[in-house]
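Coordinate analysis (summary)
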Amino acid sequence: MAEPIRILLTGASGFLGRQVSEHLAAQGHHVTGVGRDRKQEISCDEWISMDLLEGDMDRLVEQAKPDVLIHLAWVTRHGQFWTAAENLTWVGASLRLLLAFAARGGKRAIFAGTCAEYDLAADHEKFKETMTAAAPSMLYGVAKDATRRVCESYCSQIGVSFAWARLFFLFGPFEDPGRLGGSICRALTSGQEARCSSGRQVRDFLSTIDAGAAIAELALSKAEGPVNIGSGQAVTIAQFAEAFGRASGNPELIKLGALPDRPGEPQRIVADITRLEQEVGFRPAATFEQRVQETLDWWRASL
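Rules of the game
Residues numbered from 1 in each chain as written. Predicted model: local features only at pLDDT ≥ 70, side-chain atom pairs only at ≥ 80, totals over all residues. Heavy atoms only, no water. Helix = DSSP H or I, 4+ residues; strand = E, 2+ residues; numbered from the N terminus. Rg over C-alpha atoms; globule rule 2.2 N^0.38 Å. Buried < 20%, exposed > 50% of the residue type's maximum accessible area, 1.4 Å probe, protein only. Areas by Shrake-Rupley, 256 points an atom, 1.4 Å probe, with all protein chains shown as cover. Lys, Arg positive; Asp, Glu negative; His and termini not counted. Charge placed at Lys NZ, Arg CZ, Asp CG, Glu CD. Phe/Tyr/Trp six-rings, centres within 6.5 Å; stacked < 30°, edge-to-face > 60°. Lys NZ or Arg CZ within 6 Å of the ring centre and 35° of its normal. Patch = residues over 30% accessible without salt bridge, like charges linked within 9 Å, V, L, I, M, F, W, Y side chains within 5 Å. Salt bridge = Lys/Arg side-chain N within 4 Å of Asp/Glu carboxyl O. Pairing = 2+ DSSP bridges. Axes fitted to C-alpha atoms, helices over the stretch in contact; angles between N-to-C directions. Contact = heavy atoms within 4.5 Å. Core = buried A, V, L, I, M, F, W, Y, C linked by side-chain atoms within 4.5 Å.

1. Thoughts on the overall build of the chain
For the chain, the helix and strand inventory stands at 9 helices and 14 strands. Its C-alpha radius of gyration of 19 Å places the chain within 12% of the 19 Å reference for a compact globule of 303 residues. In the chain, which comprises 303 residues, the share counted as buried stands at 53%. Here the chain has roughly 13,700 Å² of accessible surface; of this, 49% comes from carbon and sulfur atoms. Both charge centroids of the chain, one from 32 positive and one from 37 negative side chains, sit 1 Å from each other.

Written out as structure tokens, the structure reads:
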């Protein structure tokens, strides 16, 4: 096994962060998690309670003494994060964190981005990191894209390795019940109808278990710049919902077309994962169907 690395992980108690922490801990690395609250099931060697929007970044980095920084924390409130003014506050907090990390000898930083940085209205079979015409349409995507540009330039200037994990559509345990996967699972495990739109839109879905492993492997790799974190597979929202219906044993509870389609929704958002596969060397450890079943089992156990 390689020599253990000291890693500072923000957003460690979140939907994705707890999976990143688990994968890193399983490989023997020292993980310091930071956030407002620690959940008992998080696999961290150390925990620092701090509100990153108000905390002392220098003190945080001095206490954690990380070689690697994985920054996942951001505003994530369902239905609000797209336009929340808090996105601007997170840009500033992220830059302050990077400055503190670099000033204390940090070697490699991985920040979380979003597929919303792309021009999602464009007609692309798959979105590639090499597309230079990023054109986010919502404040969330604009704030993320601006953060990436500044961080990437600064790290290049000072010699800190920097990678940007551009996330696509996630599902899995601990999902907010207001999100697509969470709402479907909550309905199915309660024996209720899962009311959905027509589901014609095509998306790239990846379990947080696999996304967490992908980010952990990205952090330990030498890949730099934007790297798409997705499955690379085109799945309609209808197919996604129906997979959960089959796994539950009650496919009739999936009600497609019960809700109206959202106006202006992009028709196709799928990741090109060439960099993730070839440069990071990542492959999911289970099939989409297996992850659907595992997610549903978690919801059942959580009732």
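2. Some remarks on unusual backbone geometry
With a phi close to 50 degrees, Lys-65 is a non-glycine residue in the positive phi region. Residue Phe-174 is not a glycine yet carries a positive backbone phi of 70 degrees. Along the chain, Phe-174 turns up in the loop between strand S7 (169–171) and helix H5 (180–189). On the accessibility criterion, Phe-174 (29% relative accessible area) is partly exposed.

3. Here we look at the packing of aromatic side chains
Per the stated rule, a full pass over the model turns up 17 aromatic pairs. What links up through ring pairs into an aromatic cluster is the set Phe-169, Phe-171, Phe-205, Phe-240, Phe-244 and Phe-288. Stacked on the ring of Phe-174, the Lys or Arg Arg-18 has its end atom at 3.8 Å from the ring centre. The ring of Tyr-118 has Arg-166 lying over it, and the distance from NZ or CZ to the ring centre is 4.7 Å.

4. Quick word on a nonpolar patch on the surface
A grouping of Leu-88, Leu-139 and Val-142 is seen on the molecular surface, where their side chains present a nonpolar patch of about 240 Å² in accessible area. Along the chain, the position of Leu-139 falls in helix H4 (residues 139–158). Given a relative accessible area of 31%, Leu-139 falls into the partly exposed group.

5. Observations regarding the sheet that holds strand S6 (residues 161–167)
Strands sit in the order S3-S2-S1-S4-S5-S6-S11 across an open sheet of 7 strands; the sheet is parallel. Looking along the sheet, the strands with just one partner apiece sit at the ends: strand S3 (46–49) and strand S11 (225–229). In this sheet, adjacent strand axes meet at a mean angle of 20 degrees when their direction is disregarded. Across the sheet, H4 touches strand S5 (108–114), S6 and S11, and the angle it forms with S6 is around 165 degrees.

6. Details of the pattern of salt bridges
Under the counting rule described, the total for this entry stands at 19 salt bridges. Here Asp-58 makes a salt bridge to Arg-104, at a shortest N to O gap of 3.2 Å. One end of the pair, Asp-58, is in helix H2 (residues 57–64); the other, Arg-104, is in the loop between helix H3 (86–103) and S5, with 46 residues separating them in the sequence. Taking the relative accessible area as the measure of exposure, Arg-104 reaches 38% and is therefore partly exposed. Among the ionic pairs, Glu-294 bridges to Arg-291, the shortest N-O distance being 2.8 Å. In this pair, Glu-294 and Arg-291 both sit in helix H9 (residues 288–302), 3 residues apart, roughly one turn of the helix.

7. Observations concerning the nonpolar core
By size, the foremost hydrophobic cluster in this structure holds 42 residues, and its most contacted members are Ile-70 and Ile-229. Secondary-structure elements contributing two or more residues to this core are strand S1 (6–10), helix H1 (17–26), strand S4 (68–71), S5, S6, helix H6 (208–220), S11 and helix H8 (274–280). No other element matches the 7 residues that H6 contributes to this core. The contact partners of Ile-229, leaving out residues within four places of it in the chain, are Ala-165, Arg-166, Leu-167, Phe-168, Leu-206, Ala-211, Ala-214 and Leu-276. Core analysis: the second largest hydrophobic core is formed by 34 residues, Met-57, Ala-93, Ala-100 and Ala-102 among them.

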